[in-house]
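What follows is the residue order along each chain.
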Amino acid sequence: MELKWWQKPVRMMRRDFLGDFSRYKDLDLETFAREAKHRWHINCEWIMATPGCAPGLAYMTTFNSAEFEKAPGLGDFDILREYLPHARKHGIRVVPYINAHWYSYEFAESHPGWEQLLEDGTSYGRKHPLYGGGTTFCLNSPWRDWIFRLIREVIAIGVDGCFLDGPSICPNACYCEHCRRLYEKATGQKRLPKYMDWADPDWKRFAQFRRDSRANFIRDARTEVESVNPDAVIFLNGGGFSSANIGGGGDVYKFQEHQHFTGAEEFYHVSEEYRSPFRSLNLGRFLSAGDNPSVVFTHHTMSAWHYIPLCKSEMQLALSETVASGANVWFAIFEEAMKHRAEEAYAATEKMCEFLEKHEQFYTDTESAAETAALLSNSTLYYYISAQNALYKDVGSGKEENLTVDMGTGKEAEHIAERRSTSAAILDREYSGCLDALTRSHVPVKVLWDEHLMEEKLKGVKILVLPNTACLSQKQLTRIEQFVTDGGSLIATFESGFYDELGDARRRARWKKFLGIAKVEGAFAPSAVEDYMAITGGKIDGFRDGTILPRTYNALKVKPAAGSETLIRFMNPIGKSYLPMAGDSPYPAVLLSRRGKGRVVYVAAPLFESVHRFGLEDHLRLAQSLVRLASGRRGLQVQTDGPGSLAVEMRKNAKGVLLHLVNATGDMKRPIEKFVALHNVSFSVRAGRIKRIRALVAGKNVRFKTDKGRVAFSIPRIDDYEVLVLER
Ligand SMILES: [Zn+2]
């Protein structure tokens with residue numbers, strides 16, 4: 001079947017004049033379009049249809065309209081209609097940007113009843129002015145009809161679709177009369193629960209209502225678009241894998257069938273917090289897990305300094321990780337920055353997009369070829385609150401200062417909101433730590449969403465990782481058990497499957513026994529000081545028995561089921577620095593069990609949370625050993641002597657197996673300014689029968705040897721990015 005334009009590789013760009021639309025009038029639009037095609041090498045451009053600037057001009061248009069007010073400074077000049085023929089001439093698809101979230105107070109006053117309201121009836125935007133001034137409307141209010149008319153007008157111009165920036169559902173909103181009426185219709189209840197009131201069982205229903213409201217909005221918006229042009233596309237910024245999803249009603253699965261791309265943003269921000277160098281890769285993997293083409297939005301500015309372009313290396317990293325994950329690239333250029341730092345802006349983007357344009361066939365219709373999958377569950381992100389009291393103990397930071405150690409107050413948080421925030425923090429670290437640990441171990445990984453366990457997506461998966469995938473339905477558990485008894489391997493951490501899909505703790509004795517657990521007795525208090533676990537049982541590759549490792553920050557006290565082998569044991573807590581060791585505890589940290597034709601590796605700790613929190617090599621090596629243990633005699637899919645900062649992603653299409661090598665080896669800081677090239681990196685890859693290996697960046701063929709289904713070769717030099725095509 002012939003692929004539609006949006007199903008082929010798309011390189012999207014937005015050029016931004018930050019509100020000064022009159023600049024368009026002075027542009028030579030032919031040159032502007034030619035530059036898009038021949039300098040930036042893009043094939044899809046976002047043009048603002050409604051402004052995203054102060055004081056909230058989303059009600060104005062940059063095109064001529066009988067109904068809507070024109071943005072100032074443009075006169076009769078119609079940006080969309082003027083630019084479209086030039087873009088067409090150069091083969092560039094035009095997808096207007098429609099701001100659907102930022103309106104001035106004056107405009108809101110002339111449309112009473114449209115604003116999102118807080119529980120006390122005040123407008124969200126008056127209490128929390130958007131970007132310093134302005135408000136936002138409710139997608140269940142009559143504003144909906146207004147924006148749908150605007151969307152229809154945009155599509156009728158003859159463009160290729162639209163991107164909707166919003167509408168969002170804001171924190172502590174929306175309690176307007178329209179939401180109240182619809183909620184009552186959906187649930188039969190008049191009373192709306194308080195926002196994030198976890199003690200109120202109705203909060204989860206309200207959360208689902210908010211999510212469904214967003215899904216219904218995009219569904220209806222798509223119907224409007226298609227009523228004008230059945231071939232036009234529509235998509236929004238739908239969020240990634242974060243515990244914040246519940247606050248904004250984000251859910252990529254629910255939105256999937258109503259939009260053409262699944263997209264989310266991964267903007268570079270300088271931060272004192274640890275920032276994984278693989279964030280674009282991780283988000284891209286998550287978005288690409290679905291059925292739609294995916295897109296990672298990369299901000300082309302140096303963090304919050306919008307007039308300075310993002311430095312070359314960070315831009316290169318973001319774009320190569322995005323395409324390695326199977327996602328499409330998107331970047332925004334702030335034209336003001338081009339006046340004085342154009343060379344920096346061009347540097348990585350121009351080179352990368354030219355490469356992608358030249359090699360489109362290797363980015364077309366690809367799918368993950370990874371044998372290891374990680375289930376990143378949105379239900380868990382939405383609802384997880386651990387039932388283990390000990391996790392909520394305030395143990396301080398563990399930092400030494402002035403001859404004392406910060407050990408906290410020792411009190412357990414009792415309020416459920418605090419418990420949710422602690423649980424959410426464990427989860428956020430565990431999910432990104434899981435993808436990072438696998439990346440640093442050179443384990444290609446395919447992300448699964450909750451729904452994918454029941455689908456074909458499990459096909460080809462040999463190892464399934466549940467990184468504290470706590471909230472699962474009974475049906476999902478049964479499917480996982482089947483996967484293992486049929487010969488698959490499972491690595492499950494911490495409280496995976498201990499709660500149902502709505503976050504309620506379940507006894508689940510059968511499932512726990514399946515994991516190798518006879519009984520969960522409780523949890524250790526968190527520890528970042530002087531606590532250990534010890535290797536035993538002789539099966540953890542790379543570590544001798546008796547070796548001690550830093551204990552994970554969080555840990556459960558479980559008793560092993562009969563027949564399950566203890567491979568690592570928690571040691572008794574010491575709890576303070578410079579005290580003697582306290583010997584082995586009766587509690588295993590890692591259990592191995594045979595189940596049918598498969599095996600289960602259970603880790604009684606959120607191991608990946610500690611990978612993220614501490615970044616210790618011991619925890620990374622342990623994670624890799626567990627995957628090796630799970631892969632059994634087959635061994636790891638990819639073996640290499642490259643450093644952990646070399647990401648290896650494996651995809652495939654009609655051209656063969658595509659091995660993306662993203663080198664994030666930098667100058668020991670973020671932003672990375674300079675990559676350190678890697679030399680003579682050896683690989684052994686399980687890839688079936690291969691006829692030829694081509695290195696696309698180097699433009700050379702690679703010599704290789706084959707042995708028992710594995711291909712062995714060496715790559716002389718990897719700068720920032722390389723793609724190997726293993727032709728069958
Ligand atoms: Zn509302």
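Criteria and thresholds
Residues numbered from 1 in each chain as written. Predicted model: local features only at pLDDT ≥ 70, side-chain atom pairs only at ≥ 80, totals over all residues. Helix = DSSP H or I, 4+ residues; strand = E, 2+ residues; numbered from the N terminus. Rg over C-alpha atoms; globule rule 2.2 N^0.38 Å. Buried ≥ 20, exposed ≤ 12 C-beta atoms within 10 Å, placed from the backbone. Core = buried A, V, L, I, M, F, W, Y, C linked by C-beta atoms within 7 Å. Domains from an automatic or database assignment. Contact = placed C-beta atoms within 7 Å. Axes fitted to C-alpha atoms, helices over the stretch in contact; angles between N-to-C directions. Parallel < 35°, antiparallel > 145°, perpendicular 65-115°, else oblique. Left-handed = near helix turned anticlockwise from the far one by under 90°. Nonpolar A, V, L, I, M, F, W, Y, C, P; charged D, E, K, R; others polar. Pairing = 2+ DSSP bridges.

Peer 1: Tell me about the overall build of the protein chain, and name the residues and values.
Peer 2: Of the regular secondary structure elements, the protein chain holds 19 helices and 34 strands. Its C-alpha atoms give the protein chain a radius of gyration of 26 Å, within 12% of the compact-globule value 27 Å for 728 residues. Structurally, the protein chain occupies a C-alpha span of about 80 × 65 × 55 Å along its principal axes. A burial count over the protein chain gives 50% of its 728 residues as buried.

Peer 1: So what's going on with the nonpolar core? Residues and values would help.
Peer 2: Membership of the largest hydrophobic core comes to 216 residues, with the highest contact counts inside it found for Ile98, Cys162, Ala374 and Val601. Ranked by the residues each element gives to this core, the list is headed by helix α15 (residues 416–440), at 7 residues. Composition of this core by domain shows at least three residues from each of domain 1 (372–517 + 591–636) and domain 2 (639–727). Once residues within four sequence positions are removed from consideration, Val601 is found in contact with Leu490, Ile491, Val590, Leu592, Leu626, Leu629 and Ala630.

Peer 1: How would you explain the packing of helix α12 (residues 312–324) against helix α13 (residues 335–358) if you had to name every residue and give the values?
Peer 2: Relative orientation of the contacting elements α12 and α13 amounts to 25°, with a least axis distance of 8 Å. Taken as axis vectors, α12 and α13 run roughly parallel relative to one another. Handedness of the α12/α13 crossing: right-handed. Only Glu344, Ala347, Ala348, Thr349, Met352 and Leu356 of α13 make contact with α12, whose side of the interface consists of Lys312, Met315, Gln316, Leu319, Ser320 and Val323. Class assignment for the residues of the contact of α12 with α13 results in 7 nonpolar, 3 polar and 2 charged.

Peer 1: For unusual backbone geometry, give the residues involved together with the corresponding values.
Peer 2: The phi angle of most residues is negative, glycine excepted, and most peptide bonds adopt the trans form. Each neighbour pair has its own omega, and for Gly166 with Pro167 the value is -5°, a cis peptide bond. Tracing the backbone shows Pro167 in the loop between β7 (161–165) and α7 (177–187). The omega torsion across Ala173 and Cys174 is 5°, close enough to zero to call that bond cis. By the element assignment, Cys174 lies in the loop between β7 and α7. A positive phi is found at Asn680, a non-glycine position, where the angle reads about 45°. With respect to the helices and strands, Asn680 occurs in strand β29 (residues 678–686). Assessed through the 11 C-beta atoms surrounding it within 10 Å, Asn680 is described here as exposed.

Peer 1: So what's going on with the pairing of strand β32 (residues 704–707)? Which residues, and what values?
Peer 2: With 4 bridges joining them, β32 and strand β33 (residues 710–718) adopt antiparallel strand pairing. Bridge pairing in β33 places Thr706 opposite Val711. Linking β32 back to β33 in an antiparallel pair, the connection comprises 2 residues, with Lys708 at a positive phi of about 45°.

Peer 1: Pulling in residues and values, what's your account of the domain arrangement of the protein chain?
Peer 2: On domain assignment, one finds that the protein chain holds domain 1 (372–517 + 591–636) and domain 2 (639–727). The distance between the C-alpha centroids of domain 1 and domain 2 comes to 29 Å. Each partner contributes to the interface: domain 1 provides 7 residues, whereas domain 2 provides 8 residues. Considered class by class, the residues forming the side of domain 1 that touches domain 2 number 3 nonpolar, 3 polar and 1 charged.

Peer 1: Run through the sheet that holds strand β10 (residues 294–299), naming residues and quoting values.
Peer 2: Across the sheet, 6 strands lie side by side as β5-β2-β1-β11-β10-β9; this open sheet has parallel pairing. The open sheet has two edge strands, β5 (93–94) and β9 (262–265), and neither has a second partner. Direction of pairing for β9 relative to β10: parallel, over a ladder of 4 bridges. Bridge assignment links Ala264 to a residue of β10, and that residue is Val296.

Peer 1: Report on the sheet that holds strand β27 (residues 646–653), specifying residues and quantitative values.
Peer 2: Paired through backbone hydrogen bonds, the strands of a sheet run either parallel or antiparallel to each other. Taking strand neighbours across the sheet as the criterion, the 6 strands line up as β12-β27-β28-β34-β30-β31 in an open arrangement whose pairing is antiparallel. The sheet is open, and its two edges are formed by β12 (367–368) and β31 (700–701), each paired on a single side. Relative to strand β34 (residues 721–727), strand β28 (residues 656–663) is paired through 6 bridges, and the arrangement is antiparallel. Residue pairing in the sheet places His660 in a bridge with Val723 of β34.

Peer 1: Lay out the environment of Phe267 with the relevant residues and their values.
Peer 2: As for its placement among the helices and strands, Phe267 is situated in the loop between β9 and α11 (279–288). As for Phe267 and Phe297, which are separated by 30 residues in sequence, their C-alpha atoms are 7.2 Å apart.

Peer 1: Any details on the pairing of β27? Residues and values, ideally.
Peer 2: Among the 8 residues that make up β27, 7 are buried, leaving the element largely enclosed by the rest of the structure. Relative to β28, β27 runs antiparallel, the two sharing 8 bridges. Within β28, the position partnered with Ala647 by the bridge is Val662. Turn length for the β27-β28 hairpin, with the two strands adjacent in sequence and antiparallel, is 2 residues.

Peer 1: Provide a residue-level description of α11, including the pertinent values.
Peer 2: For α11, a buried count of 10 out of 10 residues is recorded, marking the element as mostly surrounded by other parts of the structure. The set of residues buried in α11 consists of Arg279, Ser280, Leu281, Asn282, Leu283, Gly284, Arg285, Phe286, Leu287 and Ser288.

Peer 1: Quick rundown of the environment of Phe514? Include the residues and the values.
Peer 2: Within the secondary structure, Phe514 sits in helix α17 (residues 509–515). When near neighbours in sequence (up to four residues on either side) are disregarded, Phe514 contacts Glu481, Arg595 and Val600.

Peer 1: Provide a residue-level description of the packing of α11 against α12, including the pertinent values.
Peer 2: With their axes 8 Å apart at the nearest point, α11 and α12 run at an angle of 25° to one another. One way to sum up the angle between α11 and α12 is to call them roughly parallel. Crossing angle aside, the handedness with which α11 passes α12 is right-handed. Counted together, Ser280, Leu281 and Gly284 of α11 and Ala318, Glu321, Thr322 and Ala324 of α12 form the full contact between these two elements. Residues that form the contact of α11 with α12 fall into these classes: 3 nonpolar, 3 polar and 1 charged.

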